[in-house]
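# Summary of the model geometry
So you can see what is in the structure, the chains are spelled out below.
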Amino acid sequence: MDKLIIEGGVPLHGEIVVSGAKNAALPILCAGLLAETPLILTGVPELRDVASTLKLLDTMGVKVSKADDQVSLDASDVASFEATYEMVKTMRASILVLGPLLSRFGTARVSLPGGCAIGSRPVDLHIKGLQAMGAAMHITHGYIQASTLHLPNRRLQGATYYMDMVTVTGTENLMMAAALAQGTTVLENAAKEPEVVDLAECLNKMGAKITGAGTDTITIEGVERLTGAQHHIVCDRIEAGTYMVAAAMTGGEVTLKNARADLLEAVIEKLREAGVQIRTDANSITVKSNGQLKAVNIRTAPHPAFPTDMQAQFMAMNTMAEGVSTVVETIFENRFMHVQELQRMGANIEIQGNTAFVKGVPALEGANVMATDLRASAGLVLAGLVAEGETVIDRIYHLDRGYERLEEKLNQLGAKVRRSN
Ligand SMILES: CC(=O)N[C@H]1[C@@H](OP(=O)(O)OP(=O)(O)OC[C@H]2O[C@@H](n3ccc(=O)[nH]c3=O)[C@H](O)[C@@H]2O)O[C@H](CO)[C@@H](O)[C@@H]1O
Ligand SMILES: C=C(OP(=O)(O)O)C(=O)O
């Protein structure tokens, strides 16, 4: 199993290009199922989750071709309407095929994702939303079995649906389902994440009629068919945020190209509060720090508030900052798996319920640590970059799910990172 070995203590300097967003690419690849002619995507990151999604689409009969960051999907001959347990367990975002399959083909069989390291992660709102649109939904043997065969013209029926929690993939699944429904769907208390907006923009290019994406009410006027289009995936704000924290912690100066400050307001605000200098323009962000940071309190919440996907990285930063901070996780009940590992590196952290109390220490120490989920692993990499001596991170396949060419990009900035097996 691959390990990452990091020699800490090198300030990062230079420039890197931020990749396309994993969390935009995955739903948009699934949206390819909706199109009767080829969908062409650029800016698709080279990630394990993207490879898993392409494999899943391939098993359904979608013709997939890929060259560098361009992916072309031809869903004119889909023959299977199933996402098996084997597929869904490697990547829970596979649930995103449910809405497209059901609305275009009237039938879908998708394994329930179940929980994961960060929490229970139910999909009840995806299911209830589709039921509100008239679908027959049955859960049997761990699978969601969905059908529209009893509905007029076998089409989902537009509905108004209030989601009682803000759910990103739930909003995306229902938006894709509603795109081909008969009549108008209104999604209330919808997720406002930039990746939802990117999906809506792609769907509109494919012929959908969606307004309000990026606000908490999204209106989707169903159309009879969707066609292919060309779309460039929005930049990965979480990847950008992770490198921003890396520059801040190591006391360097890093420019991120293809990064959008308007998608990172809460993160930028907190870094400035920590004493980091940040300059932005339309398409890039420059972070400069002397490595002397002040601890900052964090509370995760749906966009535009502070993202849960940046919580572990800021926790790592707080461990070496001056002062005491609280980190409150309100989205996932178990997203503190990095804490025990950071403690192994000398961090002073105490957890009470969904709050971590972090007291900055003068220095972290390199140690052997274990990656447990994607962003927890990113937090450990950041800690390793400033720790004294060598940090060895085991189980880095988690990182490969979401960070394109991580060690290459870090080394480009002067870090000393290598992979070994
Ligand atoms: C592929 C992708 O885009 N993943 C992101 C997505 O995950 P994902 O879409 O799975 O997360 P959700 O936004 O759905 O989850 C938010 C909260 O709603 C709850 N919930 C969700 C659905 C549901 O049917 N019932 C329910 O109770 C969850 O348990 C959680 O407490 O948003 C998360 C929150 O920003 C991010 O951490 C993930 O990186
Ligand atoms: C939790 C994440 O991804 P997923 O929803 O795919 O598990 C993430 O991107 O941090």
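Predicted model only: the values in this text are computed from it and were never measured.

### Looking at the site of ligand 1
Neighbouring ligand 1 are 20 residues, the closest being Asn 23, Leu 125, Thr 167, Val 168 and Thr 169. Within the residue set of the shell around ligand 1, elements represented by two or more residues are helix H1 (22–31), helix H5 (124–132) and helix H6 (168–179). Its residues placed into classes, the shell around ligand 1 shows nine nonpolar, seven polar and four charged.

### Focus: the UniProt feature "binding site: UDP-N-acetyl-alpha-D-glucosamine" (unreviewed entry) in the chain
UniProt's feature table lists "binding site: UDP-N-acetyl-alpha-D-glucosamine" (unreviewed entry) at Arg 92, Arg 121, Pro 122, Val 123, Asp 124, Leu 125, Asp 309 and Ile 331, given in the numbering used throughout. Looking at the element boundaries, Asp 124 is found in helix H5. Its 11 C-beta neighbours within 10 Å are what place Asp 124 among the exposed residues. Its place among the elements puts Asp 309 in the loop between strand E18 (298–299) and helix H10 (311–319). The contacts of Asp 309, once residues within four sequence positions are left out, are Ile 238 and Arg 375.

### Quick look at the sheet that holds strand E3 (residues 39–42)
Strand order in this open sheet of four strands is E4-E5-E3-E14, and the pairing throughout is mixed. In the strand order of this sheet, the two ends are held by strand E4 (63–67) and strand E14 (230–232), each with one partner. Averaged over neighbouring strand pairs, the angle between their axes works out to 15 degrees when direction is ignored. As paired elements, E4 and strand E5 (residues 70–74) share five bridges and run antiparallel to each other. Directly across from Lys 66, in E5, lies its bridge partner Val 71.

### A word on the UniProt feature "active site" (unreviewed entry) in the chain
When the UniProt feature table is mapped onto this chain, "active site" (unreviewed entry) is found at Cys 116. Tracing the backbone through its elements, the reader meets Cys 116 in the loop between strand E7 (107–111) and H5. In this structure, Cys 116 is in contact with Arg 92 and Arg 121, ignoring residues within four places of it in sequence.

### Some details on the packing of H1 against helix H2 (residues 48–60)
For the pair H1 and H2, the least separation of the axes is 10 Å and the interaxial angle reads 5 degrees. By the angle between their axes, H1 is roughly parallel relative to H2. On H2, the residues that touch Lys 22, Ala 25, Leu 26, Leu 29 and Cys 30 of H1 are Asp 49, Val 50, Thr 53, Leu 54 and Leu 57.

Cut-offs applied
Residues numbered from 1 in each chain as written. Chains lettered and ligands numbered in written order. Predicted model: local features only at pLDDT ≥ 70, side-chain atom pairs only at ≥ 80, totals over all residues. Near = placed C-beta within 6 Å. Helix = DSSP H or I, 4+ residues; strand = E, 2+ residues; numbered from the N terminus. Nonpolar A, V, L, I, M, F, W, Y, C, P; charged D, E, K, R; others polar. UniProt positions renumbered as here; feature names shortened; annotations may be inferred. Buried ≥ 20, exposed ≤ 12 C-beta atoms within 10 Å, placed from the backbone. Contact = placed C-beta atoms within 7 Å. Pairing = 2+ DSSP bridges. Axes fitted to C-alpha atoms, helices over the stretch in contact; angles between N-to-C directions. Parallel < 35°, antiparallel > 145°, perpendicular 65-115°, else oblique.

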